[in-house]
Amino acid sequence: MTDTWHTDGRLHHGVGIEDTFIPAERVGQRKLDEYELTQHYHHWREDLRLAAESGATLIRWGSPWYLVEPEEGRFDFRWLDEVMAEMRALGLHCVLDVMHYGTPLWLANAFLDPRYPELVARYAAAVAERYPGVVDDLTPLNEPMVNAIWCGRDGRWPPYLTGDDGLVSVLIPLARGMVATQRAVAAVRPGLRFVHVDAGFIFEGNGPGGLSLADGESWRFLALDLITGRVDPDHPLYDYLVQHGAREEDLAALRRDAVQPDVVGVNYYPAFTTQAVTADGAESPVEAGTAGLVELLGVYHRRYDLPLAITETSRATRDVAAKAQWVDDLLDTVAQVRAEGVPVTAVFWFPLLDLVDWSYRDGTAPADEYLMPFGLVDLVRGPDNVLARVPNAAYDRWRTRVTTTGGSSAHRA
């Protein structure tokens, strides 16, 4: 399975652990480490067991760069060694997020540090080289456009830039880092697969940030277009990039050093991936159900003609029947699009556990006030302050569909 999951014609199933790491603090903003907030650092063995018992053979899981490399050039693999050994014992194959979000505190000015591409590539290569047989798939950077939005356009995370100039200022080094990472990892681990992961934006009405709808549809592909060498002077957003600070020599270098992922991962959440955008740029989420997923898979298939994976999907609701229904709708829809020739090779329920909403970083209330019920496993705090892991009805539905039918046949309660 490790050699062929993206090309063997079968549908493979995975789950993920939410792994956003923003260690920087400042007045009015708290550290955001999802492993800490969900107590994954303490309950990781139980979490991995629940992942394996769900029927998953793949797991999206991230290494916290700020802890793995606490000082520049000094790596501490002690915890990762234990986790990877457990994954191996459980038969879980890790699609590793080496960069989900956030850089170490010692990296001055975060992504704007001129050494960022070199340093993130060195870190990724060190991790990948250490775990063959468990980490045979790697994501150089999760959701690059979301990263550029939060760090560059909206000023929420380091380096706290704003506007289109800020977005482009962050996006270019992110792309350079992804290219450098893929090249460095391939040099030490020939044959390792690269899984690009995009946030699957769908816009209605207008594009984001004052763009037209047509430009918005190109905008969502910018990161993948950049690293695959598609952004030349004929690209519809080439002038946009240059006008907002991208240097033509950097764009030329990205074309020269272009890389290709083995799998394109698309993240899709039925209640908020689709955004209605007004003429003044205000965005509001639209429920798009399975239709949005079919649309998104189709556009990525037509644009890139590469194996696809649904790398994140779930429904955040305390209505467990509705969540279980999304398991059915999801797997039935995947079976449908595969039958129509769209090469979906894997689907991940993400996250396996509930997560703490990112608004926690800007808030003051206890973490439980920000718990979002995305998971197949609920997090329930006890009087001892321990977050108990409680599988819900959607976990049972997922396990039944995955283990008894391979997820391919319809099932209704």
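Shown above is the structure to which this text applies.
These numbers come from a predicted model, not from an experiment. (Residues numbered from 1 in each chain as written. Predicted model: local features only at pLDDT ≥ 70, side-chain atom pairs only at ≥ 80, totals over all residues. Heavy atoms only, no water.)

Details of unusual backbone geometry
The cut-off we apply is this: Here a helix means four or more residues in a row that DSSP labels H or I, a strand means two or more in a row labelled E, and each is numbered from the N terminus.
The omega torsion of the bond from P158 to P159 falls at 10°, within 30 degrees of zero and hence cis. Position of P159 among the secondary structure elements: in the loop between α6 (144-153) and α7 (163-188). Residue P351 is bonded to the preceding F350 through a cis peptide linkage, with omega at 0°. Along the chain, P351 falls in the loop between β13 (344-349) and β14 (355-356). One non-glycine residue, Y160, lies in positive phi territory at about 65°.

Describing the sheet that holds strand β12 (residues 308-312)
Spelled out, the test is: Here, strands pair whenever DSSP counts at least two bridges between them. All axes are obtained by fitting lines to C-alpha atoms, using only the stretch in contact for helices, and the reported angles, taken between N-to-C directions, cover 0 to 180 degrees. We call two residues contacting when some pair of their heavy atoms lies within 4.5 Å.
A barrel is described by the order of its strands in space; here 8 strands give the closed sequence β1-β4-β5-β6-β7-β9-β12-β13, paired in parallel fashion. Direction aside, the axes of adjacent strands within the sheet are offset by 30° on average. Set on the sheet, helix α4 (residues 78-90) makes contact with β4 (58-62), β5 (93-97) and β6 (135-139); between it and β4 the angle comes to about 175°.

Details of the packing of helix α13 (residues 320-339) against helix α14 (residues 393-404)
Counted only if it meets this: Any angle between 65 and 115 degrees counts as roughly perpendicular, while under 35 counts as roughly parallel, over 145 as roughly antiparallel, and the rest as oblique. Here a crossing is called left-handed whenever its near helix is offset anticlockwise from the far helix by less than a right angle, and right-handed whenever the offset is clockwise. Amino acids are sorted into nonpolar (Ala, Val, Leu, Ile, Met, Phe, Trp, Tyr, Cys and Pro), charged (Asp, Glu, Lys and Arg) and polar (every other residue, Gly among them).
In contact at an axis separation of 8 Å, α13 and α14 are set at 25° when each is read in the N-to-C sense. One element, α13, and the other, α14, form an angle in the roughly parallel class. α13 and α14 meet at a crossing whose hand is right-handed. Only A393, A394, R397, W398 and R401 of α14 make contact with α13, whose side of the interface consists of V320, K323, A324, V327, D328, L330, L331 and D332. Of the residues that constitute the contact of α13 with α14, the class distribution is 8 nonpolar, no polar and 5 charged.

Some details on the pairing of β12
What counts here: In this scheme, a residue with accessible area under 20% of its type's maximum is buried, one over 50% is exposed, and one in between is partly exposed, where area comes from a 1.4 Å probe on protein chains only.
With 5 of 5 residues buried, β12 is to be regarded as a mostly interior element. Examined bridge by bridge, β12 and β13 share 3 bridges and lie parallel to one another. Among the inter-strand pairings, A309 is bridged to a residue of β13, identified as A346.

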